[in-house]
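This is what each chain is made of:
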Amino acid sequence: MRISKQKSTANNFKKHMTSAATRRKRLSVNIRRKVLWRQRTYVLSAILAD
């Protein structure tokens with residue numbers, strides 16, 4: 001019983017680590033997307049202003 005419990009805790013730890021990494025990746029992707037969107041809107045506004 002104890003062996004399976006240890007195994008599950010190890011799996012949970014592994015899952016938590018991977019989820020943290022994916023969360024960080026997702027955040028960086030979202031930031032990049034926001035920056036790109038801001039640049040695009042700026043370029044569009046500059047074109048429309050001319």
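Scoring rules and cut-offs
Residues numbered from 1 in each chain as written. Predicted model: local features only at pLDDT ≥ 70, side-chain atom pairs only at ≥ 80, totals over all residues. Heavy atoms only, no water. Helix = DSSP H or I, 4+ residues; strand = E, 2+ residues; numbered from the N terminus. Buried < 20%, exposed > 50% of the residue type's maximum accessible area, 1.4 Å probe, protein only. Areas by Shrake-Rupley, 256 points an atom, 1.4 Å probe, with all protein chains shown as cover. Patch = residues over 30% accessible without salt bridge, like charges linked within 9 Å, V, L, I, M, F, W, Y side chains within 5 Å. Salt bridge = Lys/Arg side-chain N within 4 Å of Asp/Glu carboxyl O.

(A) Focus on the overall build of the protein chain. Within the protein chain, the secondary structure is distributed over one helix and zero strands. Counting only residues that meet the buried cut, the protein chain has 0% of its 50 residues in that class. Surface accessibility of the protein chain: about 5200 Å² in total, with carbon and sulfur atoms responsible for 63%.

(B) Looking closely at a nonpolar patch on the surface. On the surface, Tyr42, Val43 and Ile47 cluster together to form a nonpolar patch covering roughly 350 Å² of accessible area. Assignment of secondary structure puts Val43 in helix α1 (residues 2–49). Using a relative accessible area of 45% as the deciding quantity, one classes Val43 as partly exposed.

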